[in-house]
Amino acid sequence: MQAMTIADKLIVITGASSGIGESVARQFAAAGARVCLVARRAEELDRICAEISAAGGKAAGYAADLSDEAAIDQCCRDILDEHGLVDVLVNNAGRSIRRKVADSLDRYHDYQRTMQLNYFAAVKMTLNLLPGMLERGSGHIINVSSLSAIIPTPFFSAYVASKCALDGFSRSMAAELVDSGIHVTVINYPLVKTPMTAPTKHYKYMRQMDVDEAAGWIIDAVVKKPARRTSRLGAAWSVSTSALPTQTTKWTGRLFGYVARRLQAKAAREG
(Lines give C-alpha, C1' and ligand atoms only; values in the text may rest on other atoms or scores of the structure.)
Protein backbone atom coordinates (compact mmCIF):
# COMPACT_ATOMS: atom_id res chain seq x y z
CA MET A 1 0.00 0.00 0.00
CA GLN A 2 2.76 2.45 0.89
CA ALA A 3 4.77 1.74 -2.25
CA MET A 4 1.67 2.20 -4.44
CA THR A 5 0.77 5.49 -2.79
CA ILE A 6 4.23 7.01 -2.38
CA ALA A 7 5.98 5.69 -5.50
CA ASP A 8 7.47 8.40 -7.71
CA LYS A 9 6.37 11.26 -5.45
CA LEU A 10 8.99 13.98 -5.08
CA ILE A 11 9.52 14.54 -1.36
CA VAL A 12 11.70 17.27 0.15
CA ILE A 13 12.91 16.70 3.70
CA THR A 14 14.82 19.27 5.75
CA GLY A 15 17.05 18.25 8.64
CA ALA A 16 17.68 15.02 6.73
CA SER A 17 21.27 14.33 7.83
CA SER A 18 20.28 12.57 11.08
CA GLY A 19 17.41 11.65 13.40
CA ILE A 20 13.83 11.69 12.15
CA GLY A 21 14.82 13.32 8.86
CA GLU A 22 17.33 10.63 7.94
CA SER A 23 15.00 7.81 8.94
CA VAL A 24 12.00 9.16 7.05
CA ALA A 25 14.14 9.77 3.95
CA ARG A 26 15.21 6.12 3.99
CA GLN A 27 11.62 4.92 4.52
CA PHE A 28 10.22 7.10 1.74
CA ALA A 29 12.95 5.98 -0.66
CA ALA A 30 12.35 2.32 0.20
CA ALA A 31 8.68 2.87 -0.71
CA GLY A 32 9.63 4.18 -4.14
CA ALA A 33 9.62 7.95 -3.64
CA ARG A 34 12.23 10.33 -5.01
CA VAL A 35 13.70 12.10 -2.00
CA CYS A 36 15.55 15.41 -1.79
CA LEU A 37 17.55 15.65 1.43
CA VAL A 38 18.29 19.14 2.76
CA ALA A 39 20.73 19.80 5.61
CA ARG A 40 23.91 21.69 6.43
CA ARG A 41 26.36 18.75 6.50
CA ALA A 42 27.20 17.84 2.91
CA GLU A 43 29.27 14.82 3.86
CA GLU A 44 26.38 13.26 5.79
CA LEU A 45 23.97 13.91 2.94
CA ASP A 46 26.40 12.28 0.50
CA ARG A 47 26.67 9.23 2.76
CA ILE A 48 22.91 8.80 3.15
CA CYS A 49 22.19 9.39 -0.55
CA ALA A 50 24.84 6.84 -1.51
CA GLU A 51 23.36 4.25 0.83
CA ILE A 52 19.83 4.90 -0.47
CA SER A 53 21.04 4.61 -4.07
CA ALA A 54 22.92 1.38 -3.28
CA ALA A 55 19.64 -0.05 -1.95
CA GLY A 56 17.88 0.85 -5.20
CA GLY A 57 16.32 4.13 -4.10
CA LYS A 58 16.40 7.61 -5.63
CA ALA A 59 17.93 10.37 -3.52
CA ALA A 60 19.63 13.72 -4.02
CA GLY A 61 21.32 15.86 -1.38
CA TYR A 62 21.21 19.64 -1.10
CA ALA A 63 23.62 21.16 1.40
CA ALA A 64 22.15 24.42 2.70
CA ASP A 65 22.38 26.49 5.85
CA LEU A 66 18.71 26.98 6.69
CA SER A 67 19.53 29.92 8.95
CA ASP A 68 20.47 31.79 5.74
CA GLU A 69 17.40 32.93 3.78
CA ALA A 70 19.36 33.34 0.54
CA ALA A 71 20.63 29.76 0.90
CA ILE A 72 17.04 28.52 1.31
CA ASP A 73 15.96 30.34 -1.85
CA GLN A 74 18.86 28.88 -3.83
CA CYS A 75 18.22 25.39 -2.49
CA CYS A 76 14.57 25.53 -3.54
CA ARG A 77 15.47 26.87 -6.99
CA ASP A 78 17.94 24.02 -7.46
CA ILE A 79 15.36 21.41 -6.44
CA LEU A 80 12.68 22.82 -8.74
CA ASP A 81 15.11 23.20 -11.67
CA GLU A 82 16.42 19.66 -11.32
CA HIS A 83 13.27 17.76 -10.35
CA GLY A 84 10.17 19.81 -11.13
CA LEU A 85 7.19 20.27 -8.88
CA VAL A 86 7.37 18.99 -5.29
CA ASP A 87 4.65 16.65 -4.00
CA VAL A 88 5.50 16.69 -0.28
CA LEU A 89 7.52 19.10 1.86
CA VAL A 90 8.60 17.87 5.29
CA ASN A 91 9.82 20.79 7.43
CA ASN A 92 11.77 18.76 9.98
CA ALA A 93 14.94 20.79 10.63
CA GLY A 94 15.18 22.23 14.11
CA ARG A 95 17.32 23.17 17.07
CA SER A 96 16.65 23.09 20.80
CA ILE A 97 18.11 25.16 23.64
CA ARG A 98 17.64 24.22 27.29
CA ARG A 99 17.96 27.29 29.52
CA LYS A 100 15.82 29.07 32.07
CA VAL A 101 14.42 32.45 31.08
CA ALA A 102 16.15 33.93 34.15
CA ASP A 103 19.46 32.64 32.79
CA SER A 104 18.74 34.02 29.31
CA LEU A 105 18.52 37.72 30.11
CA ASP A 106 21.67 38.46 28.13
CA ARG A 107 21.04 35.78 25.50
CA TYR A 108 18.40 37.27 23.20
CA HIS A 109 20.28 35.65 20.34
CA ASP A 110 19.15 32.23 21.61
CA TYR A 111 15.57 33.19 20.76
CA GLN A 112 16.56 34.66 17.42
CA ARG A 113 18.52 31.66 16.17
CA THR A 114 15.95 29.16 17.40
CA MET A 115 13.15 31.06 15.72
CA GLN A 116 15.20 31.39 12.54
CA LEU A 117 15.65 27.64 12.07
CA ASN A 118 12.51 26.21 13.65
CA TYR A 119 10.04 28.75 12.29
CA PHE A 120 11.33 31.16 9.64
CA ALA A 121 13.19 28.45 7.70
CA ALA A 122 10.03 26.33 7.55
CA VAL A 123 7.99 29.33 6.40
CA LYS A 124 10.59 30.23 3.76
CA MET A 125 10.71 26.66 2.42
CA THR A 126 6.91 26.62 2.29
CA LEU A 127 6.61 29.94 0.48
CA ASN A 128 9.13 28.77 -2.12
CA LEU A 129 7.52 25.40 -2.83
CA LEU A 130 3.82 26.17 -2.29
CA PRO A 131 3.30 28.01 -5.64
CA GLY A 132 3.91 24.81 -7.61
CA MET A 133 1.46 22.92 -5.40
CA LEU A 134 -1.17 25.64 -5.91
CA GLU A 135 -0.61 25.58 -9.66
CA ARG A 136 -1.09 21.81 -9.77
CA GLY A 137 -3.91 21.73 -7.21
CA SER A 138 -2.27 19.09 -4.99
CA GLY A 139 0.50 18.74 -2.47
CA HIS A 140 1.25 18.11 1.17
CA ILE A 141 3.13 20.21 3.72
CA ILE A 142 4.17 18.45 6.92
CA ASN A 143 5.52 20.56 9.79
CA VAL A 144 7.32 18.73 12.57
CA SER A 145 6.40 20.16 15.96
CA SER A 146 6.39 19.05 19.57
CA LEU A 147 4.08 18.23 22.46
CA SER A 148 5.91 21.01 24.29
CA ALA A 149 3.95 23.47 22.13
CA ILE A 150 0.74 22.15 23.70
CA ILE A 151 1.63 21.69 27.37
CA PRO A 152 3.65 23.93 29.74
CA THR A 153 7.32 22.98 29.35
CA PRO A 154 9.90 24.70 31.57
CA PHE A 155 13.52 25.45 30.56
CA PHE A 156 12.84 25.42 26.81
CA SER A 157 11.16 28.78 26.22
CA ALA A 158 13.10 29.56 23.02
CA TYR A 159 12.34 26.17 21.48
CA VAL A 160 8.72 26.07 22.61
CA ALA A 161 8.00 29.57 21.34
CA SER A 162 9.33 28.69 17.89
CA LYS A 163 7.19 25.55 17.71
CA CYS A 164 4.10 27.49 18.85
CA ALA A 165 4.75 29.92 16.00
CA LEU A 166 5.03 27.02 13.54
CA ASP A 167 1.78 25.52 14.83
CA GLY A 168 -0.04 28.84 14.46
CA PHE A 169 1.25 29.34 10.92
CA SER A 170 0.13 25.82 10.04
CA ARG A 171 -3.38 26.30 11.44
CA SER A 172 -3.94 29.46 9.44
CA MET A 173 -2.51 27.96 6.27
CA ALA A 174 -4.62 24.80 6.65
CA ALA A 175 -7.79 26.89 6.97
CA GLU A 176 -6.93 28.90 3.86
CA LEU A 177 -6.05 25.85 1.76
CA VAL A 178 -8.98 23.69 2.83
CA ASP A 179 -10.44 23.46 -0.71
CA SER A 180 -7.19 23.66 -2.64
CA GLY A 181 -6.23 19.99 -2.75
CA ILE A 182 -3.21 20.74 -0.57
CA HIS A 183 -2.96 19.00 2.80
CA VAL A 184 -1.32 20.63 5.81
CA THR A 185 -0.16 18.44 8.68
CA VAL A 186 1.45 19.26 12.01
CA ILE A 187 2.82 16.39 14.09
CA ASN A 188 3.31 17.24 17.77
CA TYR A 189 5.89 14.65 18.73
CA PRO A 190 6.66 13.48 22.25
CA LEU A 191 10.32 13.04 23.19
CA VAL A 192 12.15 11.27 20.37
CA LYS A 193 15.61 9.77 20.83
CA THR A 194 17.66 11.87 18.41
CA PRO A 195 20.98 13.76 18.47
CA MET A 196 18.99 16.89 19.43
CA THR A 197 17.76 15.37 22.71
CA ALA A 198 21.11 13.79 23.64
CA PRO A 199 22.64 16.89 25.36
CA THR A 200 19.79 17.01 27.93
CA LYS A 201 21.10 14.47 30.42
CA HIS A 202 17.94 13.86 32.42
CA TYR A 203 16.17 12.69 29.25
CA LYS A 204 18.09 9.42 29.48
CA TYR A 205 15.90 8.55 32.49
CA MET A 206 12.71 9.17 30.53
CA ARG A 207 11.17 6.99 27.88
CA GLN A 208 11.86 8.36 24.42
CA MET A 209 10.18 7.43 21.17
CA ASP A 210 12.24 5.40 18.71
CA VAL A 211 13.33 7.48 15.73
CA ASP A 212 12.08 4.95 13.16
CA GLU A 213 8.64 4.88 14.82
CA ALA A 214 8.57 8.69 14.75
CA ALA A 215 9.45 8.67 11.05
CA GLY A 216 6.62 6.20 10.51
CA TRP A 217 4.13 8.84 11.64
CA ILE A 218 5.22 11.03 8.73
CA ILE A 219 4.91 8.11 6.32
CA ASP A 220 1.39 7.45 7.62
CA ALA A 221 0.48 11.12 7.18
CA VAL A 222 1.36 10.95 3.49
CA VAL A 223 -0.22 7.55 2.88
CA LYS A 224 -3.51 8.08 4.68
CA LYS A 225 -4.21 11.83 4.30
CA PRO A 226 -7.19 11.76 6.71
CA ALA A 227 -10.05 14.23 6.57
CA ARG A 228 -9.60 17.20 8.87
CA ARG A 229 -11.13 16.22 12.16
CA THR A 230 -10.68 16.73 15.86
CA SER A 231 -8.08 14.55 17.50
CA ARG A 232 -7.84 13.66 21.16
CA LEU A 233 -5.47 16.57 21.53
CA GLY A 234 -8.39 18.82 20.60
CA ALA A 235 -6.90 20.21 17.41
CA ALA A 236 -7.99 19.22 13.91
CA TRP A 237 -4.61 20.13 12.45
CA SER A 238 -2.28 18.40 14.87
CA VAL A 239 -2.58 14.71 14.09
CA SER A 240 -2.38 13.13 10.68
CA THR A 241 -3.61 9.56 10.85
CA SER A 242 -6.17 7.52 12.68
CA ALA A 243 -3.33 5.78 14.50
CA LEU A 244 -1.84 8.95 15.88
CA PRO A 245 -4.46 10.17 18.37
CA THR A 246 -4.18 6.98 20.44
CA GLN A 247 -0.41 6.98 20.26
CA THR A 248 -0.10 10.67 21.03
CA THR A 249 -2.52 10.40 23.94
CA LYS A 250 -0.41 7.56 25.38
CA TRP A 251 2.74 9.67 25.24
CA THR A 252 0.92 12.76 26.51
CA GLY A 253 -0.33 10.86 29.55
CA ARG A 254 3.17 9.70 30.41
CA LEU A 255 4.60 13.19 30.02
CA PHE A 256 1.85 14.78 32.11
CA GLY A 257 2.48 12.17 34.79
CA TYR A 258 6.20 12.93 34.83
CA VAL A 259 5.62 16.70 35.04
CA ALA A 260 3.03 16.27 37.80
CA ARG A 261 5.40 14.13 39.89
CA ARG A 262 8.19 16.68 39.50
CA LEU A 263 5.92 19.55 40.54
CA GLN A 264 4.63 17.59 43.54
CA ALA A 265 8.20 16.83 44.64
CA LYS A 266 9.17 20.48 44.26
CA ALA A 267 6.15 21.60 46.30
CA ALA A 268 7.01 19.08 49.03
CA ARG A 269 10.59 20.36 49.23
CA GLU A 270 9.46 23.96 49.48
CA GLY A 271 6.85 22.84 52.04
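Placed above this text is the structure.
Residues numbered from 1 in each chain as written. Predicted model: local features only at pLDDT ≥ 70, side-chain atom pairs only at ≥ 80, totals over all residues. Heavy atoms only, no water.

Undergrad: Help me out: how do you make sense of the overall build of the chain in this one?
TA: Per the secondary structure count, the chain includes eight helices and six strands. In the chain, the succession of α and β elements from N to C terminus is α-β-α-β-α-β-α-β-α-β-α-β-α-α. Across the 271 residues in the chain, those meeting the buried criterion constitute 48%. Sequence-distant contacts, at least 24 apart, represent 69% of the contacts inside the chain between residues at least 6 apart. About 13,000 Å² of surface is accessible on the chain, with carbon and sulfur atoms providing 53% of the total. (Helix = DSSP H or I, 4+ residues; strand = E, 2+ residues; numbered from the N terminus. Buried < 20%, exposed > 50% of the residue type's maximum accessible area, 1.4 Å probe, protein only. Contact = heavy atoms within 4.5 Å. Areas by Shrake-Rupley, 256 points an atom, 1.4 Å probe, with all protein chains shown as cover.)

Undergrad: Mind showing me how you'd approach the nonpolar core here?
TA: Within soluble globular proteins, side chains that are nonpolar tend to cluster in buried spots. Ranked by internal contacts, the top residues of the largest apolar core, which has 35 residues, are Ile6, Ile13, Phe28, Val90, Tyr189 and Ile218. Within the residue set of this core, elements represented by two or more residues are β1 (10-14), α2 (19-30), β2 (34-39), α3 (42-54), β4 (88-91), β5 (139-146), β6 (182-189) and α7 (211-224). Considering each element in turn, this core owes the most residues, nine residues, to α7. Setting aside anything within four residues of it in sequence, one finds Val90 in contact with Ile11, Val12, Ile13, Thr14, Phe28, Ile142, Val144 and Ile218. Core analysis: the second largest hydrophobic core is formed by 32 residues, Val38, Tyr119, Leu129 and Ile141 among them. (Core = buried A, V, L, I, M, F, W, Y, C linked by side-chain atoms within 4.5 Å.)

Undergrad: It is not clear to me how the sheet that holds β2 should be interpreted in this structure. Could you clarify?
TA: Strands in a sheet are paired, the pairing made by backbone hydrogen bonds, and the direction either parallel or antiparallel. Read across the sheet, six strands follow the order β3-β2-β1-β4-β5-β6 without closing on themselves; strand pairing throughout is parallel. What marks the edges here is a single partner per strand, and that holds for β3 (58-63) and β6. The sheet shows a mean angle of 15 degrees between the axes of neighbouring strands, taken without regard to direction. The pairing of β5 with β6 spans eight bridges and is parallel. From the neighbouring strand, Ile142 faces β6, where its bridge partner is Thr185. Across the sheet, α3 is in contact with β2 and β3; its angle to β3 comes to roughly 175 degrees. (Pairing = 2+ DSSP bridges. Axes fitted to C-alpha atoms, helices over the stretch in contact; angles between N-to-C directions.)

Undergrad: So what exactly am I meant to see when it comes to the pairing of β3 here?
TA: Side chains on a regular strand alternate between the two faces of the sheet. For β2 and β3, the ladder comprises six bridges, and the chain directions are parallel. Note on β3: the bridge partner recorded for Cys36 is Ala60.

Undergrad: Before we go on, may I ask you to explain the pattern of salt bridges in this structure?
TA: Oppositely charged side chains may form a pair once their charged atoms are brought near each other. Here the structure, examined in full by the defined rule, presents 10 salt bridges. Its salt-bridge partner being Glu22, residue Arg47 comes within 3.8 Å of it at the nearest N-O pair. Of this pair, Arg47 sits in helix α3 while Glu22 is found in helix α2, placing the two residues 25 residues apart along the sequence. Two residues, Lys124 and Asp73, come together in a salt bridge whose shortest N-O distance is 3.4 Å. (Salt bridge = Lys/Arg side-chain N within 4 Å of Asp/Glu carboxyl O.)

Undergrad: What is the right way to look at helix α5 (residues 108-136) in this model?
TA: One full turn of an α-helix is made of 3.6 residues, so residues set three or four places apart face in the same direction. Under the 1.5 Å per step criterion, the end-to-end length of α5 is 41 Å for 29 residues, consistent within 8% with the ideal 42 Å. The sharpest bend along α5 reaches about 40 degrees and sits at Gln116. Among the residues trailing α5, Gly137 stands out with phi positive, at a value near 80 degrees. (Expected span 1.5 Å × (residues − 1). Bend = angle between axes of the 7 residues up to and from the residue.)

Undergrad: What exactly am I supposed to notice about the side chain of Asn143 here?
TA: With respect to the helices and strands, the residue Asn143 is situated in strand β5. Its relative accessible area of 0% is what places Asn143 among the buried residues. Contact partners of Asn143, with chain neighbours within four places excluded, come to Asn91, Leu166, Phe169, Ser170, Met173, Thr185, Val186 and Ile187.

Undergrad: Even after reading the chapter, I still don't get the pairing of β5, so can you show me in this structure?
TA: In terms of burial, β5 is a largely internal element, eight of the eight residues being buried. On β5, burial covers both faces: Gly139, Ile141, Asn143 and Ser145 on one face and His140, Ile142, Val144 and Ser146 on the other are all buried. With four bridges joining them, β4 and β5 adopt parallel strand pairing. Residue Asn91 lies in a different strand from β5, and its bridge partner there is Asn143.

Undergrad: Explanation requested: unusual backbone geometry in the structure shown.
TA: Glycine aside, residues mostly have negative phi, and peptide bonds are mostly found in the trans state. Positioned with a positive phi, Asp8 is a non-glycine residue whose angle comes to about 70 degrees. Take Asp8: it is sitting in the loop between α1 (2-6) and β1. Phi at Phe155 takes a positive value of approximately 75 degrees, unusual for a residue other than glycine. Checked against the element boundaries, Phe155 lands in the loop between β5 and α6 (157-176). Classification of Phe155 as partly exposed rests on a relative accessible area of 33%.

Undergrad: What should I look at first to understand the environment of Val12 in this one?
TA: With respect to the helices and strands, Val12 occurs in strand β1. By relative accessible area, which is 0% here, Val12 ends up buried. Sequence-wise, Val12 and Tyr62 are 50 residues apart; in three dimensions their C-alpha atoms are separated by 9.9 Å. The contacts of Val12, once residues within four sequence positions are left out, are Cys36, Val38, Ile79, Val86, Val88, Leu89, Val90, Met125 and Leu129.

That is the geometry; function is a separate question.
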